[in-house]
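# Architecture at a glance
Take a look at the letters that make up each chain.
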Amino acid sequence: MKRFMMIIIILIAGMAGCGTAENDSQPVKKETEQGAGEDISVQKGIIAGEMEPSLTKKDADGQIVYVYSVKNQTEQEKTFSFSSGQTIDYELRSEKGEIVYKDSKNKMYTQALQEITVKQGEEFSREIVLPKVESGNYTLTVWMTAKGEQDYKATAKVVVE
């Protein structure tokens, strides 16, 4: 009987020891693997987590045309709210820094609330046809007019010949 009890105690102790060793080693490996994975995804989110404005010249006959875009590089959809029909504004400045043209000056826009949603990897873009101005060097600055948001300014040098 003593011998039987001793065998049971040894078996229980052996199983408990083995179980503990296995349980201790497995969670450590899992935590290390998960931790590494979480660090990588967090880093990717930080690297690719911005709205990127850009301004590119477009070929057009007899006109100066630019395309203003804001690309969603975040991991979520981004919704912009506007209080009127105006979604962007822009100004053209001379080399001296004087405003030669501002798009919203002396204009009226519909007073209608609107929302524009930009999904991940997609972009919001508008085409801009510059007015005729004297020859010279200018700076074009374009920005978004969404309520309570960053303006996402983009700037380009414009040469009019």
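Residues numbered from 1 in each chain as written. Predicted model: local features only at pLDDT ≥ 70, side-chain atom pairs only at ≥ 80, totals over all residues. Heavy atoms only, no water.

On to the packing of aromatic side chains, then. Evaluation of the coordinates by the stated rule reveals three aromatic pairs. Aromatic pair Phe80 and Tyr152: ring centres 6.0 Å apart, planes at 85 degrees, arrangement edge-to-face. Here Tyr152 lies in the loop between strand S8 (136-144) and strand S9 (154-160) and Phe80 lies in strand S3 (residues 78-82), a separation of 72 residues in the sequence. Grouping residues by exposure puts Phe80 and Tyr152 together as buried. (Phe/Tyr/Trp six-rings, centres within 6.5 Å; stacked < 30°, edge-to-face > 60°. Helix = DSSP H or I, 4+ residues; strand = E, 2+ residues; numbered from the N terminus. Buried < 20%, exposed > 50% of the residue type's maximum accessible area, 1.4 Å probe, protein only.)

Enumeration over the complete set of coordinates arrives at four salt bridges. The shortest N-O distance in the salt bridge between Lys78 and Glu149 comes to 3.1 Å. Taken together, the residues span a long stretch of sequence, with Lys78 in strand S3 and Glu149 in the loop between S8 and S9 at a distance of 71 residues. The class of Glu149 is partly exposed, set by a relative accessible area of 28%. Asp103 is paired through a salt bridge with Lys107; the nearest N and O atoms lie 2.6 Å apart. The exposure class assigned to Lys107 is partly exposed, which follows from its relative accessible area of 39%. (Salt bridge = Lys/Arg side-chain N within 4 Å of Asp/Glu carboxyl O.)

Turning next to unusual backbone geometry. Note: most peptide bonds trans; most residues except glycine with negative phi. Phi at Asn106 takes a positive value of approximately 60 degrees, unusual for a residue other than glycine. Topologically, Asn106 is positioned in the loop between strand S5 (99-102) and strand S6 (114-118). Here the phi dihedral of Tyr152 falls at roughly 50 degrees; this positive angle occurs in a residue that is not glycine.

Our focus in this paragraph is the nonpolar core. Membership of the largest hydrophobic core comes to 25 residues, with the highest contact counts inside it found for Leu55, Tyr68, Leu140 and Met144. When residues of this core are traced back to their parent elements, those giving at least two are strand S1 (51-58), strand S2 (65-72), S3, strand S4 (88-94), S6, strand S7 (123-129), S8 and S9. (Core = buried A, V, L, I, M, F, W, Y, C linked by side-chain atoms within 4.5 Å.)

Right, let's talk about the sheet that holds S4 for a bit. Spatially, the four strands line up as an open sheet ordered S5-S4-S8-S9, and their pairing is antiparallel. Whereas interior strands pair on both sides, the edge strands pair on one side only; in this sheet they are S5 and S9. Taken over all neighbouring pairs, the strand axes of this sheet differ in orientation by 20 degrees on average, direction set aside. Both S8 and S9 contribute to a ladder of seven bridges, which runs antiparallel. In the sheet register, Thr139 faces S9, and the bridge partner there is Lys157. (Pairing = 2+ DSSP bridges. Axes fitted to C-alpha atoms, helices over the stretch in contact; angles between N-to-C directions.)

Inspection of the secondary structure puts Thr139 in strand S8. A polar atom in the side chain of Thr139 sits 3.4 Å from the side chain of Lys157. Setting aside its immediate chain neighbours within four residues, Thr139 contacts Glu91, Leu92, Arg93, Thr155, Ala156 and Lys157. (Polar contact = N/O pair within 3.5 Å; in protein donor to acceptor, adjacent residues only side chain to side chain. Contact = heavy atoms within 4.5 Å.)

This next bit is on the sheet that holds S7. Each strand in a sheet pairs with another by means of backbone hydrogen bonds, the pair being arranged parallel or else antiparallel. In space, the three strands of this open sheet follow the order S1-S2-S7, with antiparallel pairing throughout. The sheet is open, and its two edges are formed by S1 and S7, each paired on a single side. Between one strand axis and the next, the sheet turns by 15 degrees as a mean value, whatever way the strands run.

Everything listed here is a matter of geometry and, on its own, says nothing about what the molecule does.
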